[in-house]
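# Report on the structure
Here's the letter readout for the chains.
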Amino acid sequence: METLIIKVDNLLDNEKSYQQAVDILNEGGVVAFPTETVYGLGALATDEQAVRKIFEAKGRPSDNPLIVHIGNREAVEQYAIQIPDDAYKLMEKFWPGPLTLVFHKRPGVIAQSVTPGFETVGLRMPDHPVALELLQTLDGPLAAPSANRSGKPSPTEAGHVLKDLHGRIPLILDGGETGVGVESTVLDMTVSPPAILRPGGVTKEMIESVIGPIHTESGVADDQAPRAPGMKYMHYAPESPLFVIAPDEAKIAEAVRLLHAEGKKVAVIGPDEFTIPEADWYFAVGPLHKPEAMASTLYRAIRQCDVTEADIILAAETEMSGVGAAVMNRLTKAADGKRFPL
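Structural notes, computed from the coordinates. No experiment lies behind these values; they were computed from the predicted model shown. (Residues numbered from 1 in each chain as written. Predicted model: local features only at pLDDT ≥ 70, side-chain atom pairs only at ≥ 80, totals over all residues. Heavy atoms only, no water.)

On to the overall build of the protein chain, then. Helix and strand content of the protein chain: ten helices and 16 strands. Relative to the globule expectation of 20 Å for 342 residues, the C-alpha radius of gyration of the protein chain, 20 Å, shows essentially globular dimensions. Looking at the protein chain as a whole, 56% of its 342 residues qualify as buried. Taking contacts inside the protein chain between residues at least 6 apart in sequence as the whole, the part at least 24 apart equals 67%. Here the protein chain contributes 31 positively and 47 negatively charged side chains, and the mean placements of these two sets differ by 3 Å. (Helix = DSSP H or I, 4+ residues; strand = E, 2+ residues; numbered from the N terminus. Rg over C-alpha atoms; globule rule 2.2 N^0.38 Å. Buried < 20%, exposed > 50% of the residue type's maximum accessible area, 1.4 Å probe, protein only. Contact = heavy atoms within 4.5 Å. Lys, Arg positive; Asp, Glu negative; His and termini not counted. Charge placed at Lys NZ, Arg CZ, Asp CG, Glu CD.)

Encoded structure:
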């Protein structure tokens, strides 16, 4: 299968591009498209066979649920029931945007493989002109995880999708680089108070400013199915082992020297302010106290490490406030929990 990339520069000039994507989706195929977070790999969420093609293309575990993307807020009631008042407040405030809300699903509408083993469904309305144009032209729901091979860093530009999925999918809509850079926040609205299942671009503080106190859940047991993407499996991992390290310039430099003494080549992911001449490669991801900048550049930096000859990657942690919680969630999973020194 040859994978076609269509650059979408001007929505008014690209009706044929969207129609081509819609035709593929209506025929049971998959299409990659940009959102404000990362690129997604979409299939009609109501078509069981189409949804299975997502899992096949990604090599994704079949018990890992998918988020359903919709083109307008009014569509929520087509796919969900028992929607609480607080959910409408959050939709009004944050949709379109990087917030996924988990509801009890309307029976018999969404394909079972979208939320395997659960009677809930995560819905979101993406804040990207290409995604919204595609969804509104399709006039249907798209189940869409990130458009990468399972376990690898999520794609923030079309070239990342092509590298991972060339020959596995027919079409990529190229809308340029994404903005937020980490996947959406997933908030479970079926419990009281609501609980964050995965941190993302809409922070706990932002949500609580609208509906009051919420909980945060972390991970699931090995023998349980995850209730949201990113809760169970190792994700976002580069080719070489990645270790999280304290954001201390001197300590990172010393760590690099120790690893060099062992004959290791080292890539470092860290803030703009640091100068680590000892590192074989240094990838800056924004100012030290700006986790939003790190969020938007983290996956690109991890992928840049993959094209080096690094034996080990050291990634400086960031603060846990705001979007920093989402960044550290992704970094910890990319490192599979490993820190330096061991």
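Next comes the rest of the account.
A separate point is the nonpolar core. By size, the foremost hydrophobic cluster in this structure holds 48 residues, and its most contacted members are L101 and F103. Residue assignment for this core shows that the elements contributing at least two residues are β3 (39–44), α2 (48–58), α3 (76–79), α4 (85–94), β6 (99–105), β7 (120–124), α6 (158–165) and α7 (204–211). In this structure, V182, I302, A315 and A334 belong to the second largest nonpolar core, which totals 26 residues. (Core = buried A, V, L, I, M, F, W, Y, C linked by side-chain atoms within 4.5 Å.)

What follows is about the pattern of salt bridges. A pair can form between side chains of opposite charge whenever their charged atoms are brought close. According to the stated counting rule, one finds 15 salt bridges in the structure shown. E48 is the partner of R52 in a salt bridge, and the nearest nitrogen-oxygen pair spans 3.5 Å. One end of the pair, R52, and the other, E48, are both in helix α2, four residues apart, so they sit about a helical turn from each other. Accessibility expressed as a relative area gives 41% for R52, which makes it partly exposed. We classify E48 as partly exposed; its relative accessible area is 21%. Salt-bridge contacts for K265 lead to E309; the nearest nitrogen and oxygen are separated by 3.0 Å. (Salt bridge = Lys/Arg side-chain N within 4 Å of Asp/Glu carboxyl O.)

Another aspect to go through is the packing of helix α9 (residues 291–306) against helix α10 (residues 324–334). Helices that pack against each other are described as a pair by the angle of their axes relative to one another and the distance between those axes. Following both chains from N to C, one finds α9 and α10 inclined at 25 degrees, their axes separated by 8 Å at the closest point. Classed by the angle they form, the pair α9 and α10 counts as roughly parallel. In this structure, the crossing between α9 and α10 has a hand that is left-handed. Across the interface between the two elements, P291, M294, A295, L298, Y299 and I302 from α9 touch G324, V327, R330, L331 and A334 from α10. Split by residue class, the contact of α9 with α10 holds nine nonpolar, one polar and one charged. (Axes fitted to C-alpha atoms, helices over the stretch in contact; angles between N-to-C directions. Parallel < 35°, antiparallel > 145°, perpendicular 65-115°, else oblique. Left-handed = near helix turned anticlockwise from the far one by under 90°. Nonpolar A, V, L, I, M, F, W, Y, C, P; charged D, E, K, R; others polar.)

On to the side chain of R198, then. Within the element layout of this structure, R198 appears in strand β11 (residues 195–198). Nearest to the buried, unbridged R198 among oppositely charged side chains is E183, at 5.2 Å. Only 2.9 Å separates the side chain of R198 from the backbone oxygen of S184, close enough to count as a polar contact. (Polar contact = N/O pair within 3.5 Å; in protein donor to acceptor, adjacent residues only side chain to side chain.)

Okay, the pairing of β7 next. By the criterion of burial, β7 is predominantly enclosed, with five of the five residues buried. Residues T120, G122 and R124 point to one face of β7 and V121 and L123 to the other, with burial holding for every one of them. Looking at chain direction, strand β4 (residues 67–69) and β7 are connected through three bridges and run parallel. Bridged to V68 within β7 is L123. For β6 and β7, the ladder comprises four bridges, and the chain directions are antiparallel. (Pairing = 2+ DSSP bridges.)

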